[in-house]
Each structure stands twice: as structure tokens, then as C-alpha cells.
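Commentary on secondary and tertiary structure
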Amino acid sequence: MRLAGPLRIVALIVTVGLTWIVVSILLGGPGSGFPRIQQLFSSPENSATAEPGARKYKCGLPQPCPEEHLAFRMVSGAANVIGPKICLEDKMLMSSVKDNVGRGLNIALVNDVNDLLKFIRPLHEGTLVFVASYDDPATKMNEETRKLFSDLGSKNVKDLAFRDSWVFVGAKGVQNKSPFEQHVKNSKHTNKYEGWPEALEMEGCIPRRTTAS
């Protein structure tokens with residue numbers, strides 16, 4: 001019983017010592033304020049060590065386009081569920097959100113200006129044509145339609161078939177085939193979705209000189 005008093009004193013000293021150590025850790029030491037406590041209540045977004053997000057330019061491009069070039073980004077439809085998107089100079093021309101896309105070929109003309117042939121035939125020289133497929137781009141195509149797209153610079157339109165994915169940027173009056181084109185065949189061996197290939201995404205910078213003056 002005579003040891004009860006000293007043991008209580010030792011326990012009290014140990015408790016005070018541990019408390020002091022914990023408080024010192026949380027406060028970060030003399031003169032440092034409350035950095036540890038602040039870190040405990042800070043979100044990762046507010047942390048000084050948080051990585052800043054990568055800067056995005058027009059239409060989400062990772063770098064800016066040179067002068068006299070137009071920034072664009074386009075995505076074909078995914079199966080028959082998610083519609084395509086066409087963005088030019090940071091302006092969304094077509095998307096499901098804008099409710100101006102549909103199954104087949106989605107076409108945006110840039111130069112101010114639906115029967116497909118009547119839509120394409122009267123284009124002015126230099127008009128840019130953006131095309132993104134959705135569901136099935138080829139079923140309603142005939143040879144004249146394919147030739148019109150070929151004249152706009154497409155090299156893959158002649159092979160376009162049922163439920164293929166296709167994105168393309170061409171122009172009226174071009175002399176060579178467009179470098180802005182992607183095409184994926186509908187194949188049960190390689191399809192990403194049941195009955196459809198993967199969606200295609202393409203972005204880049206188009207020289208302004210291809211547009212009409």
C-alpha cells in the first residue's frame with residue numbers, strides 16, 4: 001500500500017510527458033504555428049504539394065495551334081448509345097448535349113453555309129467539312145456520295161461499310177488526300193462493343209488557308 005502514492009506520481013509524469021510529445025508533433029514545434037493540424041484538415045486539392053492540372057488549349061488540345069491554324073477535336077459515336085462530338089476553335093459544333101446529332105453521318109460545314117447529296121454538292125471552294133459517324137455511316141451511301149467525299153480528300157470512304165467508325169476532315173477543292181481521317185472496320189473479332197468497333201478520336205490544327213477567302 002505504501003507504493004500506491006509513488007506509482008500514481010510516476011503514472012502522472014508519464015501521461016504528461018506523452019501528452020507533451022503528441023502536442024509538440026501536432027503543433028510542429030516552437031514557432032511553426034499549426035502546420036500539422038492544418039494538413040490534417042486540408043483536402044488534397046488545397047495541399048501545397050498537389051500537382052497542378054495540365055493546361056488545356058482550344059477544344060482541349062494539349063498545346064496551342066500555330067498562327068493561321070484552326071484547332072479542332074472530334075469523336076465518333078460509340079456504338080448506337082453515345083453520340084459524336086465536333087469541336088472547332090473551342091466551340092462545340094455538334095454533340096448529344098446540343099441535341100443536334102443523329103445516327104449515320106454527322107456533318108459540320110465551316111464557311112457559313114436532309115438529302116446528303118443536296119447538302120454537299122453546292123459547297124463553296126475551300127469549305128471545311130467535318131464528318132463523324134454514329135451507329136452506321138455507310139448503309140445509305142451510294143457511289144456518287146462516296147465520290148463526293150473522295151473529292152473532299154477522303155481516302156477511306158470507298159471502303160466504308162456497315163457500322164464502321166469514321167471521322168474525317170476535308171475541304172472542297174483540295175488537291176491531295178486529307179491527313180485528317182481515321183477509319184475502323186466493323187469486325188466481330190476486333191469490335192470493342194457488341195456489334196460495333198471502338199469510337200474514334202481525332203484532334204489537330206488545320207491551316208486557315210484551306211478555307212475560302
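Given the structure is predicted, the values throughout are model-derived calculations rather than measurements. (Residues numbered from 1 in each chain as written. Predicted model: local features only at pLDDT ≥ 70, side-chain atom pairs only at ≥ 80, totals over all residues. Heavy atoms only, no water.)

From N to C terminus, the chain includes four helices and eight strands. Listed by position from the N terminus, the elements making up the chain come as α-α-β-β-β-β-α-β-α-β-β-β. In the chain, which comprises 213 residues, the share counted as buried stands at 33%. Surface summary for the chain: the accessible area is close to 13,900 Å², and the carbon and sulfur share equals 57%. (Helix = DSSP H or I, 4+ residues; strand = E, 2+ residues; numbered from the N terminus. Buried < 20%, exposed > 50% of the residue type's maximum accessible area, 1.4 Å probe, protein only. Areas by Shrake-Rupley, 256 points an atom, 1.4 Å probe, with all protein chains shown as cover.)

Our focus in this paragraph is unusual backbone geometry. A positive phi angle, near 65°, is found at Glu68, a position not held by glycine. Of note, Glu68 is situated in the loop between α2 (35-41) and β1 (69-75). Its relative accessible area of 55% is what places Glu68 among the exposed residues. A positive phi angle, near 70°, is found at Asp90, a position not held by glycine.

The tally for this structure, following the rule as stated, stands at four aromatic pairs. Measuring from centroid to centroid gives 5.6 Å for Trp166 and Phe168, while their planes differ by 5°, and the two rings are stacked. Each member of the pair, Trp166 as well as Phe168, carries the same accessibility label: buried. An aromatic cluster of three or more residues is present, and its members are Phe72, Phe130 and Phe180. (Phe/Tyr/Trp six-rings, centres within 6.5 Å; stacked < 30°, edge-to-face > 60°.)

Moving on, we get to the sheet that holds strand β2 (residues 85-88). The strand order β3-β2-β1-β8 describes an open sheet built from four strands, whose pairing is antiparallel. The open sheet terminates on both sides in strands that have one partner only, identified here as β3 (91-94) and β8 (201-207). Adjacent strand axes in the sheet meet at a mean angle of 20° when their direction is disregarded. Alignment of β1 against β2, held across four bridges, turns out to be antiparallel. (Pairing = 2+ DSSP bridges. Axes fitted to C-alpha atoms, helices over the stretch in contact; angles between N-to-C directions.)

With that settled, the discussion passes to the environment of Met141. With respect to the element layout, Met141 can be found in the loop between β5 (128-134) and α4 (143-151). For the pair formed by Met141 and Val157, sequence separation is 16 residues and the distance between their alpha carbons is 9.6 Å. Residues within four places of Met141 in sequence aside, it is in contact with Leu105, Arg146, Phe149, Val157, Leu160 and Trp166. (Contact = heavy atoms within 4.5 Å.)

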